[in-house]
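Chain by chain, the residues:
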Amino acid sequence: MNSLLTIILIGIGATAVMDLWGFVRVPLFGTPPPNYGLVGRWIAHMTHGQFRHDSIAASAPIRAEQIIGWAVHYLTGILFAALLIGIWGASWIQNPTIGPAFAVGLGTIVLPFLIMQPGMGAGIAASRTKNPTSARLQSLLTHAAFGLGLYVSGYAVHFLQ
């Protein structure tokens, strides 16, 4: 299997694990799963020059925002899988280990804390939400699940080669 296909499969698998966590946390914590339609709305508004919103939920809906949001979500997962392989090398694919996968997974928290949440109106690290501590913890757990997903997907792809 070539490296690009491997990266794509690992990224999709890791993102799917993250999404499964999003649904599992509903009964565990009473926290609704992420709304990637709002991410799509945020991205779509960027094409009109608007990068920051007071509240993305209050911003005008965009046609196909759900599709845009889910596509960006999975493409981002693939890019982070590429980052993992870019940092640790293709040898990681031959011998996937949890440490690098978990490090990248937790490191991805920078994107929502410093770019997405402020841009969508939630403030840096969810500081403008009703319960910032809970929002931060949920983000960390979600990105830890992504890191676990990188490892599990890397192992699965290695096993299938």
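That block above? That's the structure.
Everything numeric in this text was worked out from a predicted model, so none of it was measured. (Residues numbered from 1 in each chain as written. Predicted model: local features only at pLDDT ≥ 70, side-chain atom pairs only at ≥ 80, totals over all residues. Heavy atoms only, no water.)

Remarks on the environment of isoleucine 7
Then, in step 1: Note that isoleucine 7 resides in helix H1 (residues 3–29).
Then, in step 2: With 79 residues separating them along the chain, isoleucine 7 and glycine 86 place their C-alpha atoms 10 Å apart.
Then, in step 3: With sequence-adjacent residues up to four places away left out, isoleucine 7 is seen in contact with Ile78, Ala81, Ala82 and Ile85. (Helix = DSSP H or I, 4+ residues; strand = E, 2+ residues; numbered from the N terminus. Contact = heavy atoms within 4.5 Å.)

So, the side chain of serine 139
Then, in step 1: Examined against the element boundaries, serine 139 turns out to sit in helix H7 (residues 132–160).
Then, in step 2: If sequence neighbours within four positions are ignored, serine 139 has contacts with Ile109, Phe113 and Gln117.

Here's the deal with the pattern of salt bridges
Then, in step 1: Tallying each qualifying case throughout the model produces two salt bridges.
Then, in step 2: Here arginine 52 and aspartate 54 are joined by a salt bridge, their closest N and O atoms 3.2 Å apart. (Salt bridge = Lys/Arg side-chain N within 4 Å of Asp/Glu carboxyl O.)

Here we look at the packing of helix H3 (residues 65–88) against helix H5 (residues 98–107)
Then, in step 1: At their nearest, the axes of H3 and H5 sit 10 Å apart, and the two run at 130° to each other. In terms of their interaxial angle, H3 and H5 are classed as oblique. Along this stretch, H3 crosses H5, giving a crossing that reads as right-handed. When H3 is examined against H5, the residues Phe80, Leu83, Leu84 and Trp88 are found in contact with a partner set consisting of Pro100, Ala101, Ala103 and Val104.
Then, in step 2: Residues that form the contact of H3 with H5 fall into these classes: eight nonpolar, no polar and no charged. (Axes fitted to C-alpha atoms, helices over the stretch in contact; angles between N-to-C directions. Parallel < 35°, antiparallel > 145°, perpendicular 65-115°, else oblique. Left-handed = near helix turned anticlockwise from the far one by under 90°. Nonpolar A, V, L, I, M, F, W, Y, C, P; charged D, E, K, R; others polar.)

Things to note about the packing of aromatic side chains
Then, in step 1: Applying the stated rule across the entire model yields five aromatic pairs.
Then, in step 2: Between phenylalanine 80 and phenylalanine 146, the ring centres sit 6.3 Å apart and the planes meet at 70°, which makes this aromatic pair edge-to-face. One end of the pair, phenylalanine 80, is in helix H3; the other, phenylalanine 146, is in helix H7, with 66 residues separating them in the sequence.
Then, in step 3: Three or more aromatic residues joined by ring pairs make a cluster, and in this case those are Tyr36, Trp70 and Tyr74. (Phe/Tyr/Trp six-rings, centres within 6.5 Å; stacked < 30°, edge-to-face > 60°.)

Comments concerning H1
Then, in step 1: With 27 residues, H1 extends 38 Å from end C-alpha to end C-alpha; this agrees with the ideal 39 Å at 1.5 Å per step.
Then, in step 2: The complete set of buried residues in H1 reads Thr6, Ile7, Ile10, Gly11, Gly13, Ala14, Thr15, Met18, Asp19, Trp21, Gly22 and Arg25.
Then, in step 3: Summarising the contacts, the buried residues of H1 are in contact with helix H2 (36–46), H3, helix H4 (91–94) and H7.
Then, in step 4: The N-capping residue of H1, defined by a side-chain oxygen 3.1 Å from the backbone nitrogen of leucine 4, is asparagine 2.
Then, in step 5: Positive phi shows up at glycine 30, right after H1, with a value of about 70°. (Expected span 1.5 Å × (residues − 1). Buried < 20%, exposed > 50% of the residue type's maximum accessible area, 1.4 Å probe, protein only. Polar contact = N/O pair within 3.5 Å; in protein donor to acceptor, adjacent residues only side chain to side chain.)

Topic: the nonpolar core
Most often, soluble globular proteins have nonpolar side chains that are buried together.
Then, in step 1: The biggest cluster of nonpolar side chains holds 23 residues, and the ones touching the most others in it are Ile10, Leu84, Ile85, Trp92, Met120, Phe146 and Leu150.
Then, in step 2: When contributions to this core are tallied by element, the ones reaching two or more residues are H1, H2, H3, H4, H5 and H7.
Then, in step 3: Excluding residues that lie within four positions of it along the chain, tryptophan 92 makes contacts with Ile10, Leu84, Ile85, Thr97, Pro100, Ala101, Leu150, Tyr151 and Gly154. (Core = buried A, V, L, I, M, F, W, Y, C linked by side-chain atoms within 4.5 Å.)

Things to note about a nonpolar patch on the surface
Then, in step 1: Side chains of Val24, Leu28, Phe29, Leu137 and Leu141 sit close together on the surface and give an oily, nonpolar patch of about 440 Å² of accessible area.
Then, in step 2: Contributing elements (two or more residues each) for the nonpolar patch: H1 and H7.
Then, in step 3: The dominant element in the nonpolar patch, judged by the number of residues it contributes, is H1, at three residues.
Then, in step 4: The topology assignment puts leucine 28 in helix H1.
Then, in step 5: Classification of leucine 28 by relative accessible area gives exposed; the value is 55%. (Patch = residues over 30% accessible without salt bridge, like charges linked within 9 Å, V, L, I, M, F, W, Y side chains within 5 Å. Areas by Shrake-Rupley, 256 points an atom, 1.4 Å probe, with all protein chains shown as cover.)

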